[in-house]
Amino acid sequence: MTTTTPARGRRRAPSRVERAAGKAAALQRPRVILALLLLLALVCVMLLDGYLRAEVGGDQRVRTGAASSDVPDDILDGGPIVTFRGGQAATVSVPDRTIALTFDDGPDPTWTPQVLDILERYDVPATFFLVGSMVSRHPGVVRDMVGQGHEVGIHTFTHIDLSYQSDARVRREMEQTQLALAGAAGITTTLFRAPYSSQTDAIDNYSWPVYEKLGQDGYTSVFVDTDSDDWKRPGVAKIVQWATPEEDEGASVLFHDAGGERSQTIAALPKYIEKMRAKGYTFTTVSGVLQARQQDGQQDGQQASADTADTAAPAAPGAGGNRLQAAHREATGMLLYEGRALVAAVAVAEWAVPTLSVGLTVVGVAVLGRFGMMLVLARRHHRQRNRRRFGWGPPVTRPVSVIVPAYNEKECIANTLHSLARSTHPIEIIVVDDGSTDGTADIAEALGMPNVRVIRQANAGKPAALNNGVRSARYDIVVMMDGDTVFEPDTVRQLVQPFADPGVGAVAGNAKVGNRTTVIGAWQHIEYVMGFNLDRRMYDLLRCMPTIPGAIGAFRREAVLQVGGMSEDTLAEDTDITIALHRAGWRVVYQEHARAWTEAPGSLKQLWSQRYRWSYGTMQALWKHRKSLTDRGPSGRFGRVGMPLVVLFQIVTPVFAPLIDVFTVYAMIFVDLRASLLAWAAVLGVQLLCAAYAFRLDREKYRYLLMMPLQQLAYRQMMYLVLIHSCVTALTGGRLRWQKLKRTGEVGTPAGAG
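Residues numbered from 1 in each chain as written. Predicted model: local features only at pLDDT ≥ 70, side-chain atom pairs only at ≥ 80, totals over all residues. Heavy atoms only, no water.

Student: What is the right way to read the packing of aromatic side chains from this model?
Tutor: Within a pair of aromatic rings, the relevant descriptors are the distance that separates the centres and the angle that separates the planes. Counted by the stated rule, this structure contains ten aromatic pairs. On the numbers, 5.2 Å between centres and 80° between planes, the contact of Phe-390 with Trp-392 is edge-to-face. With a relative accessible area of 25%, Phe-390 lands in the partly exposed category. Between Tyr-528 and Phe-532, the ring centres sit 5.0 Å apart and the planes meet at 65°, which makes this aromatic pair edge-to-face. With Tyr-528 and Phe-532 both in helix H17 (residues 519-542), this residue pair falls four residues apart, about one helical turn. Taking the ring centre of Tyr-164 as reference, the NZ or CZ of Arg-63 above it sits at 4.0 Å. (Phe/Tyr/Trp six-rings, centres within 6.5 Å; stacked < 30°, edge-to-face > 60°. Buried < 20%, exposed > 50% of the residue type's maximum accessible area, 1.4 Å probe, protein only. Helix = DSSP H or I, 4+ residues; strand = E, 2+ residues; numbered from the N terminus. Lys NZ or Arg CZ within 6 Å of the ring centre and 35° of its normal.)

Student: Is there a simple way to think about the pattern of salt bridges in this case?
Tutor: Pairing of side chains with opposite charge becomes possible as their charged atoms draw close. As enumerated under the stated definition, the model contains 27 salt bridges in all. Arg-385 is the salt-bridge partner of Asp-540, the closest N and O atoms lying 2.8 Å from each other. Of this pair, Asp-540 sits in helix H17 while Arg-385 sits in helix H12 (residues 333-385), and the two are 155 residues apart along the sequence. With a relative accessible area of 11%, Arg-385 lands in the buried category. A salt bridge links Glu-573 to Lys-462; the nearest nitrogen and oxygen atoms lie 3.7 Å apart. Taken together, the positions of Glu-573 in helix H19 (residues 573-583) and Lys-462 in helix H15 (residues 462-472) put the pair 111 residues apart, joining distant regions of the chain. By relative accessible area, which is 5% here, Glu-573 ends up buried. A cluster of three or more residues bridged by salt bridges with shared partners is formed by Lys-512, Arg-516, Arg-537, Glu-592, Asp-698 and Glu-700. (Salt bridge = Lys/Arg side-chain N within 4 Å of Asp/Glu carboxyl O.)

These figures come from the coordinates and say nothing about function on their own.
Structure representation (structure tokens):
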């Protein structure tokens, strides 16, 4: 015998199948990346929204009662405006009969526009110290504010006490607010007022270094002479009284246009303006005060010369030369574009998070509704089918054909055929070898079983193998199973009894996970019992069973041929033919006592591959039969009952279900750990209740439920990603090839049978 040896160093050219598999894998990688990027984008949007609302990185600490021994006395006793020149601190006071009207904590979409309307009506300028997160959320209000001639200053980005923060956090708070201002109004500012600040005599040893550092960066810090305390909501008269300076003194007066309910402020502001004007007062901005002091050469505290005023607030190019807005700077270059990007990102978050919250509510209601439906209908199904007098009709005793499609099942085929040989119901066994390369057909023939026929065909796929078996079947009832599945002796007899009813066209059996001793196997065991079999009881009563499992199902041969056999249009041929039977008017039922033991995927990679194919194939089948939504008769009934339920419970709800977990983790970290844990535990409790009931109906051992909390943390997340991956593939028009799972043959005998 002559053999040809390849030349040394030369690699064998890949086959056509290998090239196709490599191409398919290459096409799937971008879709996996896209799915992960979508999840990452969701997390980023939530973190941004939480940061804007001070849920992420929020710090509610406020320092009080600290010593002020390190603060210069002339600062503590000086005016409300603190400037720095060459590192030298100086204060500036407001001229007599002058009000520097200031507002903190805005902008607010409700109250700030009302304040602006009042100021415009009375032609009064003001200085607004804005919170950066609010600026980014309501940029239009800031544009109107600046456009009306008002001045703006920084009130940090998240309204935190800077005396507790690191230098990096302080710098970040200022820079992010400047970005927000640039994106909202195309400006930056040199004015700053610290949250929770009041008069200069309240500066302490912890906050003074912050003001000094900001002064070195060119900021002017603004404090208060007179506080209206409107945030206390003491009444309009009190607000007006508390905001009025003593005698004819000038003052930096504080109001709030945000941070709470401000109807009293809105009512008090016109009265206050009228009162102060009647007393001969004029209104200006902080820059207006500095300009006035520059002109008359007055000083307060340490030297506050014209040079100080120039340094603190020179007229800004591009700001129109308005002396009342001299603290503004025109934002240009990357600062402007980065600011616009920030505002755009916040707009997305402002829209996305509420939408996601609504979606979360819908998903939560749907999930709980599904649990409720499953419990009620599964109980009814169990009681109905297990009554003593229940029967499908005369016992079905005639022989049936069992079709076993096999492709490279050498590890399992012998166990499968031996289990069928013990059947208590008369059967013929048809093994359709779909071009196996591992000797599967030879093993089946070598067993020498008298009722076994082996049909060999070129590799054409599982649907083609099943169709070949149906055409070759001698009997009018055909049972279909997988080549890695093991039947109990009574399985076939139980499975075919519903055919006593002439309206039944197909029967779904009870698939069990045989290799449940591993963690992955136990997780799938829980899923099979709870998610699949409990679902099938519900769908059976609603007469809209979506899928007959490939591991165990029985069909009228007549019904299969009527709908054109097993279709190759989708990767979920079992779902495809089940829906086709419904549309043809046949009834599909679930037989819980017909048990089959199948080998579930033993690794995460194989599990991903299998569920990806299932999910994608289900979507293909639903899309293929979409016209049932508008059909009449049995087809329309499935389209308007079964189709929505499958789409809602098997696609929409699982796709959006990660929102529950993402929001829960987010709430645990940034909102309320205890409340979030209790909520998660409550949902887990409901799921455990449903699972325990499903285990009770199937007479399974409860010990596997100990794996359920871990399943919720790991396994369920993987299933979510698989479904999202499938959705991305479907939306991008991808194609998926049939994927063969690696088998071990460890499901040798029915676990727990007998």
